[in-house]
Amino acid sequence: MPLHPLSRDFISRCVTEQNAYGVLSRLCNEIGARPSGSDSERKASKLVADLMAECGLEVSVSEFSYAGWEPGPTNVTVQIGDARSDAHNGEGFEIAAYPLGFCPPADLRAEVIDVGCGSELEFEQAHVEGKIALVSSATAPNTPPLHRSRKYELAVEAGAAGFAFYLDKPGGLTV
């Protein structure tokens, strides 16, 4: 399907003009994170709509409902010792953690078990029932890659009390 001439002009201007980097800079530096339904998302939508209108496009904004989620504060303390009692070596230590989307709040104390890359075979061999499954984002050798949502499903199916997912790459980025 051929592009409408105004669409072609708009896309061309976004790609070729220096203005594109300025818009990206404003979206990232001035507005910042734009979770759906937030004030910053509304500001970003207005900015983009105004730019489209400046290019001669007829713009309209429609509101709609959807299931939303906002992350709450996340604190993870690791203690070495028996998770079923107050016996542990030392006071423990905090680690940086970010909840996965639509993750419910919980106050959980359980043993952590390393399930490697979280393949089906690794879950079959691990005994995760009632424990927190610690799973890497890496792919197990000789297996197809699994999305973190499938690894989570495997943890639930195995009866895990919790799911802790970590990125196998340096840099502290979230996935």
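Because the structure is a prediction, the values reported are computed rather than measured.

**Some details on empty space enclosed by the protein**
- Counted according to the given criterion, the structure contains 1 cavity of 30 Å³ or more.
- For the largest cavity, the calculated volume is near 30 Å³.
- Around the largest cavity, the lining residues are Cys117, Gly118, Ser119, Ala138, Thr139, Ala140, Thr143, Pro144, Pro145, Leu146 and Lys151.
- The residue makeup of the lining of the largest cavity, split by class, is 6 nonpolar, 4 polar and 1 charged.

**So, the side chain of Ser137**
- You can see Ser137 is positioned in the loop between β4 (132–136) and α5 (148–157).
- Side-chain polar atoms of Ser137 contact the side chain of Asp168, separated by 2.7 Å.
- In this view, Ser137 contacts Lys151, Phe165, Tyr166, Leu167 and Asp168; residues no more than four positions away in its chain are not counted.

**So, the pairing of β4**
- Most of β4 is tucked away: 4 of the 5 residues are buried.
- Of the strand pairs in this sheet, strand β3 (residues 112–114) and β4 are connected by 3 bridges, and their pairing is parallel. The partner of Val112 across the bridge, within β4, is Ile132.
- Tracing the backbone out of β3, into helix α4 (residues 120–125) and back to the parallel element β4 gives a crossover that is right-handed.
- Across 5 bridges, the pairing between β4 and strand β5 (residues 162–166) is parallel. Looking at the pairing, Val135 lines up with Phe165 of β5.

Cut-off values and rules
Residues numbered from 1 in each chain as written. Predicted model: local features only at pLDDT ≥ 70, side-chain atom pairs only at ≥ 80, totals over all residues. Heavy atoms only, no water. 1 Å grid on protein atoms, 1.4 Å probe; cavity = no way out; pocket = protein on both sides within 12 Å on 5 of 7 lines; lining within 4 Å. Points joined across faces, edges and corners; volume = space filled by probe spheres on them. Nonpolar A, V, L, I, M, F, W, Y, C, P; charged D, E, K, R; others polar. Helix = DSSP H or I, 4+ residues; strand = E, 2+ residues; numbered from the N terminus. Polar contact = N/O pair within 3.5 Å; in protein donor to acceptor, adjacent residues only side chain to side chain. Contact = heavy atoms within 4.5 Å. Buried < 20%, exposed > 50% of the residue type's maximum accessible area, 1.4 Å probe, protein only. Pairing = 2+ DSSP bridges. Right-handed = clockwise from strand over helix to strand, strands pointing away.

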